[in-house]
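# Summary of structural features
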Amino acid sequence: MHATYVIWSKHMTKFFRNAEEALGLAIQSVLWVVLFGVGMRGIVTQVSGGDYLAFILPGIIALSALAGAVGGGMMLLDERLRGITKEYLVSPIPRLSILLGNAASTTTKALLQALLMLLIGVLMGVRLAGNPLGWLAALLLVGLFALGFSGIALAVAAVSRSIMGYHGMIFLFNLPLLFASNALYPLSVLPTWMRTLVLFNPTTYLIDAVRALAFGAEPTLGLFSSTAVILLFAILGIWLALTAFRRSIRR
Amino acid sequence: MATAAIETHGLVKRYGEVTAVAGVDLTIAPHNIYALLGPNGAGKTTTISMLTTLVPPTAGSAQVAGYDITSQARQVRRRIGVTFQDIVLDPDLTGRQVLDIHGKLYRMNRQERKTRITRLVELVQLEEAIDRRVKTYSGGMKRRLELARGLLTDPQILFLDEPTQGLDPQNRIGIWNYIRELNRERGMTLLLTTHYMEEAEVLAHAVGIIDHGKMVAEGKPASLVSALGADVIRVHGHGDQQHFLHTLGTLPFVEQVQIDEHDNLVQVFVDNGNRRLVEVVQAASGNGFRVEDIAVAQPSLGDVFLRHTGRTFRD
């Protein structure tokens, strides 16, 4: 537990020291909300009875959680390629804490990113639901989702041989997760085949739940099942990371 | 302490088809400096990786500081310090942060960390740079920072994999001085691998020469050297070596002959260089081999290395 904390705090120090990374992630988020969101708001004024910006904000939050997770995975990859992992491996700390430290910092970054987006959204005039408990529950779900995707990013980082390879593999996940979801368009307008596809995407459940909890939309998938799916996704992601990481250190 | 600081029995590491270490038996007495020499790819780094619990051995066993490297890896890790062959530092952290985080990983408390860091930074002379980011450091400064990190937890045994690789002579001698001081003052056991013959000659109480994953010679540098013969006569020249070599083989006082075809060099190990010089010159002349230069010298560890690995010690 102690070592996990040490590694987490080291990563956070590096994150904030490395201004480009932190700033880059922040600017990326702002661009999404301000340019994409506002642009689309112009052409689509009404979606299922709400503001379009409020409609796509959960999707953008999910996307930025992904971006945060990708950045966190980079940290593990960077330490692996530089050999810094060896410093941990010869020190008297549990092997697992190396992964947990990484997962914790990765999730923290993803969550920070999501929070920032939410804030920008509110500044842009998106109205939140009345119940602050709902916001909290939404953030919790975003955190779980970030944990799951962090797991995937870390699993890929644990086996990648190069930074290019890592980004290539991550790219395979990134855009499909956004487009094959209900982030940009409501489920009801999709053709059946795409609807089926979209329902296999955990992002869909997160977005639906966040819309309901934070922005007061009517849930289309049911809050309980959404929560269950996200929880399952988080467990799966961490399991993947664990498996890949174990394999990478036992050479 | 009666037990050895490091002891291995038939240590083997295989990566698929490739055998990196093919059964190494090694005993290092406590408070000694031991140098592991070998050509590139001989298995030095793999041996160190196993002893520092980075990779598990395929077969064989080893005790480090009295603990088994596989079943008691935690105990081993608590008692060792390591610097790796390549520089392993976070470029975005300051030197002080690197050391502080390392100390935290080993659960040193704040006060301990502070005093140790101050002392070590002084030892490796990084006082001015310690609060700068590592990416601004020169190669020598990075090495010194790594040395300080390896020493931070006051290990019983320090592993140094190529500690002076790529350093200028001044920095190299600096590192040698730290190593000797640590050994003399704290009785620290050191295992180092090196590319530089003089490094082993200057520092080590004992050396092991490893080639193709096997230990080919082991002992005190002086006794390894004296086993070669008292003196070496180095003959540079060109022409037909065959007859020269044949004649040398018939001379009773010649203990051994080595040929380095690259440099047209023939090395003749004899019981007494000054006395036998004339006879060696005679053997060389008049048979189509022209001598260009001849010198009498004492054999060095480099000659021992050549003898056992068939390769000259170059980097």
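Residues numbered from 1 in each chain as written. Chains lettered and ligands numbered in written order. Predicted model: local features only at pLDDT ≥ 70, side-chain atom pairs only at ≥ 80, totals over all residues.

### Some remarks on the overall build of chain B
- A tally of regular secondary structure across chain B gives eleven helices and 14 strands.
- Classification of the 315 residues of chain B by burial places 43% in the buried group. (Helix = DSSP H or I, 4+ residues; strand = E, 2+ residues; numbered from the N terminus. Buried ≥ 20, exposed ≤ 12 C-beta atoms within 10 Å, placed from the backbone.)

### What about unusual backbone geometry?
Residues and elements named next belong to chain B.
- Positive phi, close to 50°, is recorded for Asp154, a residue that is not glycine.
- Among the secondary structure elements, Asp154 is positioned in the loop between helix H5 (139-151) and strand S7 (157-161).
- Even without being a glycine, Glu162 presents a positive backbone phi close to 55°.
- As for its position among the elements, Glu162 is in the loop between S7 and helix H6 (169-186).
- Owing to 21 C-beta atoms within 10 Å, Glu162 belongs among the buried residues under this scheme.

### Some points on helix H3 (residues 52-82) of chain A
Residues and elements named next belong to chain A.
- Taking 1.5 Å as the rise per residue, H3 with 31 residues should run 45 Å; its terminal C-alpha atoms sit 45 Å apart, in good agreement.
- Roughly 25° is the biggest bend found in H3, and it falls at Pro58.
- Across the 31 residues of H3, 25 count as buried, placing the element largely inside the fold.
- Positive phi appears at Gly83, one or two residues downstream of H3, with a value of about 90°. (Expected span 1.5 Å × (residues − 1). Bend = angle between axes of the 7 residues up to and from the residue.)

### Observations regarding the interface of chain A and chain B
- Taken together, the 19 residues of chain A in the interface contact 20 residues of chain B.
- Those elements that place two or more of their residues in the side of chain A that touches chain B are helix H1 (2-17) and helix H4 (84-89) of chain A.
- Ranked by residues supplied to the side of chain A that touches chain B, first place goes to H1 of chain A with seven residues.
- Classifying every residue of the side of chain A that touches chain B gives seven nonpolar, five polar and seven charged. (Contact = placed C-beta atoms within 7 Å. Nonpolar A, V, L, I, M, F, W, Y, C, P; charged D, E, K, R; others polar.)

### A few points about the nonpolar core
- In this structure, Ala35 and Val268 of chain B are the most contacted members of the largest nonpolar core, which totals 85 residues.
- Three or more residues apiece are contributed to this core by two domains, here domain 1 (6-224) and domain 2 (229-298) of chain B.
- Those residues in contact with Val268 of chain B that sit more than four places away from it in its chain are Val232, Ile233, Val235, Leu248, Val254, Val257 and Val280 of chain B.
- Judged by nonpolar contacts, the second largest core, of 74 residues, contains Leu76, Leu118, Val126 and Leu144 of chain A. (Core = buried A, V, L, I, M, F, W, Y, C linked by C-beta atoms within 7 Å. Domains from an automatic or database assignment.)

### Some words on the packing of helix H6 (residues 132-159) of chain A against helix H7 (residues 163-179) of chain A
Residue and element names in this part refer to chain A.
- Packing of H6 against H7 brings their axes to within 9 Å, and their N-to-C directions diverge by 150°. Taken as axis vectors, H6 and H7 run roughly antiparallel relative to one another. Between H6 and H7 lies a crossing whose hand is right-handed. Residue-level inspection shows Ile152, Ala153, Val156 and Ala157 of H6 in contact with H7, the latter providing Tyr166, Met169, Ile170 and Phe173.
- Residues of the contact of H6 with H7, tallied by class, amount to eight nonpolar, no polar and no charged. (Axes fitted to C-alpha atoms, helices over the stretch in contact; angles between N-to-C directions. Parallel < 35°, antiparallel > 145°, perpendicular 65-115°, else oblique. Left-handed = near helix turned anticlockwise from the far one by under 90°.)

### A short note on the confidence of the model for chain A
- Per-residue confidence for chain A gives a mean pLDDT of 84, with 96% of residues at or over 70.
- Of all helices and strands in chain A, the one with the weakest mean pLDDT is helix H2 (residues 19-43) of chain A (74), whereas helix H10 (residues 223-249) of chain A scores best (90). (pLDDT = per-residue confidence, 0-100.)

### Some remarks on helix H1 (residues 44-51) of chain B
Residue and element names in this part refer to chain B.
- Counting buried positions over the eight residues of H1 gives eight, a clear majority of the element.
- The complete set of buried residues in H1 reads Lys44, Thr45, Thr46, Thr47, Ile48, Ser49, Met50 and Leu51.
- Two residues or fewer past H1, Thr53 is found with a positive phi of approximately 70°.

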